[in-house]
Protein chains: 2
Amino acid sequence: MIGTILNDEYYMRQALNEARIAFDKDEVPIGAVVVCRGRIIARAHNLTETLNDVTAHAEMQAITAAANVLGGKYLENCTLYVTVEPCPMCAGGLLWSQIPKIVYGAKDEKRGYSIYSPSILHVKTQIISGILAEESAALLKQFFHNKR
Amino acid sequence: MIGTILNDEYYMRQALNEARIAFDKDEVPIGAVVVCRGRIIARAHNLTETLNDVTAHAEMQAITAAANVLGGKYLENCTLYVTVEPCPMCAGGLLWSQIPKIVYGAKDEKRGYSIYSPSILHVKTQIISGILAEESAALLKQFFHNKR
């Protein structure tokens, strides 16, 4: 169990690194990685401004990138780590991906999928929250503070 | 009002043409178009198999394509026509796009966003359903019948 928590923290730190890359690009700082059998197969960060595309959330890009690496569109045996709770769009994409485990950092009290409907994700999907939540939330807070 | 209905049918027929293109590619036959000030600025159909990507729904591609045409990521003054009710992923993407009007054909009793949470779409978004619903549903039914 301790090993699992350490791993979750390790991979979440990688997602947080992605969020920091987004921050440096003046993008809303959210990052994600997809891990398959202990290996990071995709890294992504929010690029909605750079790509001029509201669908370019970290999770969506991570799903697409991971499927490219795997050569199949379903992310079986994978875990997504994302610094903030997915929105309904991303949760819906994760449902379609059949990913069995999702780990997120900070809650999104305004746009998190769980506010709309927890059932957007499959009942059998393992969901862990709160990993490095404070660091993830602090990065977002700093971003929006700078915007004021 | 009659003019509006005729227009909605006209544009939905374009979306249905896209769905038929998907059908011919052995993709789940769902099509979409984005209309801005009377002009079709994006056409898309489901490409999840071709692109090996669960996020490649017609609506998601239509959002991205329309934003490219407009040069801005928000689809103000646009209408999305899609042959089948959007899933939570696509409804979530449409929320982010700030599109003011969505017209869909057939209900999706299993994966439609409204089953999960009608509030995934903004309360001010105008939603019209049932336009060419029978034709859209029949195409899907034929597709899944052929798959058996």
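What you see is a predicted model; the values in this text were computed from it and never measured.

## Notes on the packing of helix α3 (residues 88–97) of chain A against helix α3 (residues 88–97) of chain B
How two helices sit against one another is set out by the angle between their axes and by the gap between those axes.
Point 1. It is the contact of α3(A) with α3(B), at a shortest axis distance of 7 Å, that shows an interaxial angle of 155°. With respect to each other, α3(A) and α3(B) are oriented roughly antiparallel. Handedness of the crossing formed by α3(A) with α3(B): left-handed. Facing Pro88(A), Met89(A), Gly92(A), Gly93(A) and Trp96(A) of α3(A), the residues of α3(B) in contact are Pro88(B), Met89(B), Gly92(B), Gly93(B) and Trp96(B).
Point 2. Of the residues contributing to the contact of α3(A) with α3(B), the split by class is six nonpolar, four polar and no charged.

## Some thoughts on the nonpolar core
Point 1. If you look at the biggest cluster of nonpolar residues, it comprises 58 residues, and the most contacted ones within it are Val34(A), Leu80(A), Val34(B) and Leu80(B).
Point 2. Those residues in contact with Leu80(A), other than ones at most four positions away along the chain, are Ala32(A), Val33(A), Val34(A), Glu59(A), Ala62(A), Leu94(A), Ile99(A), Lys101(A), Ile102(A) and Val103(A).
Point 3. The next biggest cluster of nonpolar side chains, apart from the first, holds 14 residues, and it includes Met12(B), Leu16(B), Ala19(B) and Leu139(B).

## Observations regarding the confidence of the model for chain A
Point 1. In this model, chain A carries an average pLDDT of 95, and 96% of its residues clear a pLDDT of 70 or more.
Point 2. With a pTM of 0.95, the predicted complex shows an ipTM of 0.95.

## Some thoughts on the interface of chain A and chain B
A common measure of how large an interface is: the accessible area buried when the components associate.
Point 1. Opposite the 28 residues of chain A that make contact, chain B presents 28 residues.
Point 2. When chain A packs against chain B, the two sides together hide about 2500 Å² of surface, and 64% of this comes from carbon and sulfur.
Point 3. It is Val54(A), Lys73(A) and Trp96(A) that lose the most area in chain A upon contact with chain B, and together they represent 29% of the buried surface on that side.
Point 4. Counting across the chain A and chain B interface gives two salt bridges.
Point 5. A salt bridge links Lys73(B) to Glu49(A), with the shortest nitrogen-to-oxygen separation between them at 2.7 Å.
Point 6. Run the count over chain A and chain B and you get ten residue pairs in polar contact (both at pLDDT 80 or more).
Point 7. Of all the elements in the fold, those that place two or more residues in the side of chain A that touches chain B are α2 (58–70) and α3 of chain A.
Point 8. Counting residues per element, the side of chain A that touches chain B draws most heavily on α3(A), at seven residues.

## A short note on the packing of aromatic side chains
Point 1. Going through the model one piece at a time under the given rule, you end up with eight aromatic pairs over all chains.
Point 2. The interplanar angle of 85° and the centroid separation of 5.2 Å between the aromatic rings of Phe143(A) and Phe144(A) together place this pair among those described as edge-to-face.
Point 3. For Phe143(A), a relative accessible area of 5% translates into the label buried.
Point 4. On the accessibility criterion, Phe144(A) (42% relative accessible area) is partly exposed.
Point 5. Between Phe23(B) and Phe143(B), the ring centres sit 6.1 Å apart and the planes meet at 70°, which makes this aromatic pair edge-to-face. Residue Phe23(B) is located in helix α1 (residues 2–24), and its partner Phe143(B) is located in helix α5 (residues 133–147); the two are separated by 120 residues in the primary sequence.

## Notes on the relation of the copies chain A and chain B
Related by rotation about an axis and a shift along that axis, the two copies of the chain form a pair.
Point 1. Note on the identical chains: chain A maps onto chain B by a rotation of 180° and an axial translation of 0.0 Å, with an RMSD of 0.0 Å. Accordingly, the operation relating the two chain copies is best matched by a two-fold axis. When C-alpha distances to the rotation axis are compared across chain A, the minimum falls at Met89(A), with a value of 1.9 Å.
Point 2. Same-surface contact between copies: 100% of interface residues of chain A are shared with the interface of chain B.

## Re the sheet that holds strand β1 (residues 31–36) of chain B
Residue and element names in this part refer to chain B.
Point 1. Strand order in the open sheet formed by five strands is β2-β1-β3-β4-β5, and the pairing between neighbours is mixed. Looking at strand neighbours, the two that pair on one side only are β2 (39–45) and β5 (126–129), the edges of this open sheet. Between one strand and the next, the sheet's axes are offset by a mean angle of 15°, whatever the strand orientation.
Point 2. In this fold α5 packs onto β3 (78–84) and β4 (101–106), with an angle of close to 60° to the strand it touches most, β4.

## Quick notes on the sheet that holds strand β2 (residues 39–45) of chain A
Consider a sheet: its strands pair through backbone hydrogen bonds, and that pairing is either parallel or antiparallel.
Residue and element names in this part refer to chain A.
Point 1. With mixed pairing, the five strands of this open sheet are ordered in space as β2-β1-β3-β4-β5. Two strands close off the open sheet at either side, each with one partner strand: β2 and β5 (126–129). Adjacent strand axes in the sheet meet at a mean angle of 15° when their direction is disregarded.
Point 2. Examined bridge by bridge, strand β1 (residues 31–36) and strand β3 (residues 78–84) share five bridges and lie antiparallel to one another. Pairing of Ala-32 across the sheet is with Val-82, part of β3.
Point 3. Lying over the sheet, α2 contacts β1, β2 and β3, oriented at roughly 145° with respect to β2.
Point 4. Relative to the sheet, helix α5 (residues 133–147) contacts β3 and β4 (101–106), its axis offset from that of β4 by approximately 60°.

Reading the values: rules and limits
Residues numbered from 1 in each chain as written. Chains lettered and ligands numbered in written order. Predicted model: local features only at pLDDT ≥ 70, side-chain atom pairs only at ≥ 80, totals over all residues. Heavy atoms only, no water. Axes fitted to C-alpha atoms, helices over the stretch in contact; angles between N-to-C directions. Helix = DSSP H or I, 4+ residues; strand = E, 2+ residues; numbered from the N terminus. Parallel < 35°, antiparallel > 145°, perpendicular 65-115°, else oblique. Left-handed = near helix turned anticlockwise from the far one by under 90°. Contact = heavy atoms within 4.5 Å. Nonpolar A, V, L, I, M, F, W, Y, C, P; charged D, E, K, R; others polar. Core = buried A, V, L, I, M, F, W, Y, C linked by side-chain atoms within 4.5 Å. Buried < 20%, exposed > 50% of the residue type's maximum accessible area, 1.4 Å probe, protein only. pLDDT = per-residue confidence, 0-100. Buried area = accessible area lost by both parts, 1.4 Å probe. Salt bridge = Lys/Arg side-chain N within 4 Å of Asp/Glu carboxyl O. Polar contact = N/O pair within 3.5 Å; in protein donor to acceptor, adjacent residues only side chain to side chain. Phe/Tyr/Trp six-rings, centres within 6.5 Å; stacked < 30°, edge-to-face > 60°. Least-squares fit on C-alpha atoms with pLDDT ≥ 70 in both. Pairing = 2+ DSSP bridges.

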